[in-house]
Number of protein chains: 2
Amino acid sequence: MNLILLDPKELTDHHVTLSDRRAEHIRKILRASVGDTLRVGVLGGLLGTGCIREMTGKNVVLAVHLTSEPPPCPPTDLILAVPRPIMLKRVLAQAVSMGVTRIFLINANRVEKSFFSSTLIQNNDFREPLCLGLEQAMDTRMPEISVHPRFRPFVEDFLPEQLSDCLTRLLAHPDGDRTLAQAAGGLREQRALLAIGPEGGWVDFEVEHLKKQGFIPFSLGARILRVDTAVPALLGQLSLLRQLP
Amino acid sequence: MNLILLDPKELTDHHVTLSDRRAEHIRKILRASVGDTLRVGVLGGLLGTGCIREMTGKNVVLAVHLTSEPPPCPPTDLILAVPRPIMLKRVLAQAVSMGVTRIFLINANRVEKSFFSSTLIQNNDFREPLCLGLEQAMDTRMPEISVHPRFRPFVEDFLPEQLSDCLTRLLAHPDGDRTLAQAAGGLREQRALLAIGPEGGWVDFEVEHLKKQGFIPFSLGARILRVDTAVPALLGQLSLLRQLP
């Protein structure tokens, strides 16, 4: 936790009283005491400092002073075939820490049915891994997450109607004969939509449907990576491509 | 497990009998039966197929036919300040799946002492996470791993004496004013040595010592990433830099 993340509703006259895992973190991990200054951020808002005014019982009272914008978010969105719940939590935190704007969790032929009926997905309860990612990266911007249990309506209806702003569409697929750099071209600040399939890969039907919607298949090489390795590797590559002259 | 990994000593006249987690994987996850063909690889050797000849009790007998080279390994070595054991296992598997050649696990000021006395480190028992990485990426080349409990002798003696072949030396450090692309320059097939610090970062003393040995600091940007996100992101970026014209 590199940042104490606050909900705007928790703030009253520039002060906040914490009593949950954040208070515990301040006491037990940071071993902070009254007078110490911590990094704080307000969800959807600014970063700044929190000066500890009081520590009584379970409570920690901070005087909050907000000063600076969170780090810039690269204009990248992620389509992810749902992995097993423990992996999904990890990958969400990773993707959020790298600054993804929107995450579309979709179904695919090789997604195990049980993954889709996990409590995480069923309850749409992604707040914990998302907050972990923001706290890690010292960001305050919660990405949008949506769940799409049916592949075809997502690709045939949702994509053209809702995601027309994503011009660069990239499909991670071992049979692709291009590298990510070749598929993405001169990316710069253009919005990119990256689709990563399930363990076992996309089936032909899915690849064809995504190609019809303008997705360009690319390969990461002969190595098959786990999703918690592929997601940061590909987001890292996109980030580097955006920096190139 | 995308690959059944075999030790050369297990092979007798092109046959192998498995009874451990690989046999269990073949039975329970792959649900394979006699006559089926699986992807196999021999540690340090070739990839090929294993045809199931017999399945009795816990045993699975494969007839092994080796045909092709494992995927190329990028000439990249990794220096990693030791993270907590559960994270170390994960990062080793990630790094191996991306084809790192050598991994140097070193101490640093902000490495918690207890991490260094974990059974994983004390017993030098990295085989399990390394095999997981190879099985995932369908590779057979086990990287070299060494443990260096003292920072200064590693940097002042070991680095100049043993790692003179690594000309490009890169230091992940938030205060770096270059990007990885700027620090690495025209990398192509040149051997690169990437140093990634502990949670909390390198201390100034360490940065100065590494710079004296030719390490160029670079920053990943304002976002602080966990080591299981930073390692794949940076290895992905190096891999992309090597592909650029």
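As the structure is a prediction and not an experimental result, all values here were calculated from the model.

Draft legend 1. Representation of the overall build of chain A in the model. Of the regular secondary structure elements, chain A holds nine helices and 11 strands. The proportion of buried residues among the 245 residues of chain A is 54%. In chain A, of all internal contacts separated by at least 6 residues, the share reaching a separation of at least 24 is 73%. Summed over its atoms, the accessible surface of chain A is roughly 11,300 Å², and 49% of this surface lies on carbon and sulfur atoms. Averaged over its 28 positive side-chain charges, chain A has a centre that lies 3 Å from the centre of its 27 negative ones.

Draft legend 2. Focus on the relation of the copies chain A and chain B. Between chain A and chain B, the superposition needs a rotation of 180° and an axial shift of 0.0 Å, giving an RMSD of 0.0 Å. One copy is carried onto the other by what is essentially a two-fold rotation axis. Residues of chain A ranked by C-alpha distance from the rotation axis are headed by Ala-233 of chain A, positioned 2.1 Å from it. A share of 100% of the interface residues of chain A reappears at the interface of chain B, consistent with the copies meeting face to face through the same patch.

Draft legend 3. Inspection of the environment of Leu-3 of chain A at higher detail. Residue and element names in this part refer to chain A. Of note, Leu-3 is situated in the segment before strand E1 (4-6). We classify Leu-3 as buried; its relative accessible area is 2%. Separated by 35 residues in sequence, Leu-3 and Leu-38 have C-alpha atoms that sit 7.7 Å apart. Beyond its immediate sequence surroundings of up to four residues, Leu-3 is in contact with Arg-39, Val-40, Gly-41, Leu-47, Leu-134, Glu-135, Met-138 and Asp-139.

Draft legend 4. Expanded view of the interface of chain A and chain B. Between chain A and chain B, the residue contacts involve 32 residues of the former and 32 residues of the latter. Contact between chain A and chain B buries roughly 2,600 Å² in total, counting both sides, with carbon and sulfur atoms accounting for 58%. Joining chain A to chain B, the criterion identifies two salt bridges. Applying the counting criterion to the chain A and chain B interface returns 12 residue pairs in polar contact (both at pLDDT 80 or more). Counting only elements with at least two residues in the side of chain A that touches chain B, the list comes to helix H2 (85-97), helix H5 (127-137) and helix H9 (227-243) of chain A. Top contributing element to the side of chain A that touches chain B by residue count: H9 of chain A, with 10 residues. Taken together, the residues of the side of chain A that touches chain B sort by class into 16 nonpolar, 11 polar and five charged.

Draft legend 5. Broad picture of the sheet that holds strand E11 (residues 216-218) of chain A. Residues and elements named next belong to chain A. Judged by pairing direction, the sheet is parallel, and its six strands sit side by side in the order E8-E7-E6-E10-E9-E11 without closing on themselves. Edge positions in the sheet fall to strand E8 (144-148) and E11, since each has one partner strand and no second. When strand polarity is set aside, the average angle formed by the axes of neighbouring strands in this sheet is 20°. Here five bridges tie strand E6 (residues 76-81) to strand E10 (residues 192-196), and the two strands are oriented parallel to one another.

Draft legend 6. Quick look at the sheet that holds strand E9 (residues 168-172) of chain B. Residues and elements named next belong to chain B. Spatially, the six strands line up as an open sheet ordered E8-E7-E6-E10-E9-E11, and their pairing is parallel. The open sheet has two edge strands with one neighbour each: strand E8 (144-148) and strand E11 (216-218). Each neighbouring strand pair of the sheet contributes to a mean axis angle of 20°, computed without reference to strand direction. Here E9 runs beside strand E10 (residues 192-196); their pairing, made up of four bridges, is parallel. Paired with Leu-170 across the bridge in E10 is Leu-194. The sheet strands contacting helix H2 (residues 85-97) are strand E6 (76-81), strand E7 (102-106) and E8, and the helix crosses E7 at an angle near 155°.

Analysis parameters
- Residues numbered from 1 in each chain as written.
- Chains lettered and ligands numbered in written order.
- Predicted model: local features only at pLDDT ≥ 70, side-chain atom pairs only at ≥ 80, totals over all residues.
- Heavy atoms only, no water.
- Helix = DSSP H or I, 4+ residues; strand = E, 2+ residues; numbered from the N terminus.
- Buried < 20%, exposed > 50% of the residue type's maximum accessible area, 1.4 Å probe, protein only.
- Contact = heavy atoms within 4.5 Å.
- Areas by Shrake-Rupley, 256 points an atom, 1.4 Å probe, with all protein chains shown as cover.
- Lys, Arg positive; Asp, Glu negative; His and termini not counted.
- Charge placed at Lys NZ, Arg CZ, Asp CG, Glu CD.
- Least-squares fit on C-alpha atoms with pLDDT ≥ 70 in both.
- Buried area = accessible area lost by both parts, 1.4 Å probe.
- Salt bridge = Lys/Arg side-chain N within 4 Å of Asp/Glu carboxyl O.
- Polar contact = N/O pair within 3.5 Å; in protein donor to acceptor, adjacent residues only side chain to side chain.
- Nonpolar A, V, L, I, M, F, W, Y, C, P; charged D, E, K, R; others polar.
- Pairing = 2+ DSSP bridges.
- Axes fitted to C-alpha atoms, helices over the stretch in contact; angles between N-to-C directions.

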